[in-house]
Amino acid sequence: MNIALSAVIISILLISPVVFYFSLYIGEFPRAIPKFSLFEGILGTAVISLLIHAVAILCIPDEIRFDILIKVLGGDLKNVESTVNNAVFKDAVTDFAWYNLLLLLAMVVLGRLIRFFLLRTGLHERVPALNLFHEWWYFFDGAFAGVEDYDLVFVDTKDGTVIFSGFLMNFETEGANLDRIYLKDVTRREFKKYANDEGARLINESGDPLTIPSGTFSLKYSNIINLSVNFIILDDAVSNPEEDLQIL
């Protein structure tokens, strides 16, 4: 019994839903990969693969040599050599290769077409199950707040006892978590200020804002205690907002 060969064949047969998934979600700020156990992942992939291959087989008019496939999957290569001549086996292997190649290409095309449809219609924003991007993308895009049209994203963050404020430039994610945000035109102010210059007592008033002289300011999200997002709509009289801001 050739277990290694069987594992390779099974892996090839199970790869089609994986290719479809990455074709659908690949892009900037992709949706976080769902967390499954090894058993759940293999079982789910196997069920979806079975459905995909069932549909694909219905589209093949020629005879399919399932007898050869079953023998190879079982590692029974000796019986294959005795029951199938070399020419037939060569044709079967060639057909199997072409079948899987065309199936994978079909999964790539189908994934990109569905992605294009969801982006064009905006369904990915209205239906959470169809989200294409990371959940933080929808948070900063205004989907959670029900905001559609805006010009700038202004962020207030509380980092310990300091409040940082600025325009959102970009952000990075790591798995299902927000990793870092990038701000522009940042100001900082104390969350609470002292009642007098001697620093004897803190009062519930924020300090005066101080401008941070930097082009882009980076904040690690693990250091952020609170985060507030405001979506700003510029007045029509403002014809040229800062062009180097990236609006998400």
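For the structure itself, look to the data block above.
What comes next concerns the included structure. Bear in mind the structure is a predicted one, so any value in this text is a computation, not a measurement.

Moving on, we come to the overall build of the protein. Of the regular secondary structure elements, the protein holds eight helices and eight strands. When the 248 residues of the protein are sorted by exposure, 28% land in the buried category. By sequence separation, contacts in the protein at least 24 residues apart represent 65% of the contacts at least 6 residues apart. Of the accessible surface of the protein, which amounts to about 16,100 Å², a share of 61% is contributed by carbon and sulfur atoms.

Bringing a negative patch on the surface into the picture now. Among the surface-exposed residues, Asp62, Glu63, Asp91 and Asp95 lie close enough to one another that they form a single negatively charged patch. Inspection of the secondary structure assignment puts aspartate 91 in helix H6 (residues 86-121).

The subject of this paragraph is the nonpolar core. Core analysis: the biggest nonpolar cluster contains 27 residues, and Phe140, Phe171 and Ile181 have the highest contact counts within it. Among the secondary structure elements, those contributing two or more residues to this core are helix H2 (16-25), helix H8 (135-141), strand E1 (152-159), strand E2 (162-174), strand E3 (177-190), strand E7 (217-220) and strand E8 (226-232).

It is worth spelling out the environment of tyrosine 221 at this point. The topology assignment puts tyrosine 221 in the loop between E7 and E8. Sequence-wise, tyrosine 221 and aspartate 179 are 42 residues apart; in three dimensions their C-alpha atoms are separated by 5.4 Å. If we skip the residues at most four places from it in the chain, tyrosine 221 touches Trp136, Leu178, Asp179, Arg180 and Leu227.

So, about the pattern of salt bridges. The full count for this structure, using the stated rule, is one salt bridge. The salt bridge involving aspartate 179 is made with lysine 220; its shortest N-O contact spans 2.6 Å. Residue aspartate 179 is located in strand E3, and its partner lysine 220 is located in strand E7; the two are separated by 41 residues in the primary sequence. In this structure aspartate 179 comes out as buried when scored by relative accessible area, which is 14%.

Considering the arrangement of structural elements, one finds serine 165 in strand E2. Within the structure, the side chain of serine 165 is placed 2.4 Å from the side chain of aspartate 156, a separation counted as a polar contact. At 3.3 Å, the side chain of serine 165 forms a polar contact with the side chain of arginine 189.

Following the criterion strictly, the structure yields 15 aromatic pairs and no others. Aromatic pair tyrosine 21 and phenylalanine 22: ring centres 5.7 Å apart, planes at 90°, arrangement edge-to-face. Residue classification places tyrosine 21 among the partly exposed residues on the basis of a relative accessible area of 21%. What links up through ring pairs into an aromatic cluster is the set Phe29, Trp136, Phe139, Phe140, Phe144, Phe171 and Tyr221.

On to the pairing of E3. Pairing of E2 with E3, which is carried by 11 bridges, proceeds in the antiparallel orientation. Among the inter-strand pairings, glutamate 174 is bridged to a residue of E3, identified as asparagine 177. Counted along the chain from E2 to the antiparallel partner E3, the turn is two residues long, and its residue glycine 175 has a positive phi close to 65°. Here E3 pairs with E7 via four bridges, running antiparallel. Bridged to leucine 183 within E7 is phenylalanine 217. Across two bridges, E3 lies against strand E6 (residues 210-211) in antiparallel orientation. If you follow arginine 188 over to E6, its bridge partner there is leucine 210.

Definitions and limits used
- Residues numbered from 1 in each chain as written.
- Predicted model: local features only at pLDDT ≥ 70, side-chain atom pairs only at ≥ 80, totals over all residues.
- Heavy atoms only, no water.
- Helix = DSSP H or I, 4+ residues; strand = E, 2+ residues; numbered from the N terminus.
- Buried < 20%, exposed > 50% of the residue type's maximum accessible area, 1.4 Å probe, protein only.
- Contact = heavy atoms within 4.5 Å.
- Areas by Shrake-Rupley, 256 points an atom, 1.4 Å probe, with all protein chains shown as cover.
- Patch = residues over 30% accessible without salt bridge, like charges linked within 9 Å, V, L, I, M, F, W, Y side chains within 5 Å.
- Salt bridge = Lys/Arg side-chain N within 4 Å of Asp/Glu carboxyl O.
- Lys, Arg positive; Asp, Glu negative; His and termini not counted.
- Charge placed at Lys NZ, Arg CZ, Asp CG, Glu CD.
- Core = buried A, V, L, I, M, F, W, Y, C linked by side-chain atoms within 4.5 Å.
- Polar contact = N/O pair within 3.5 Å; in protein donor to acceptor, adjacent residues only side chain to side chain.
- Phe/Tyr/Trp six-rings, centres within 6.5 Å; stacked < 30°, edge-to-face > 60°.
- Pairing = 2+ DSSP bridges.

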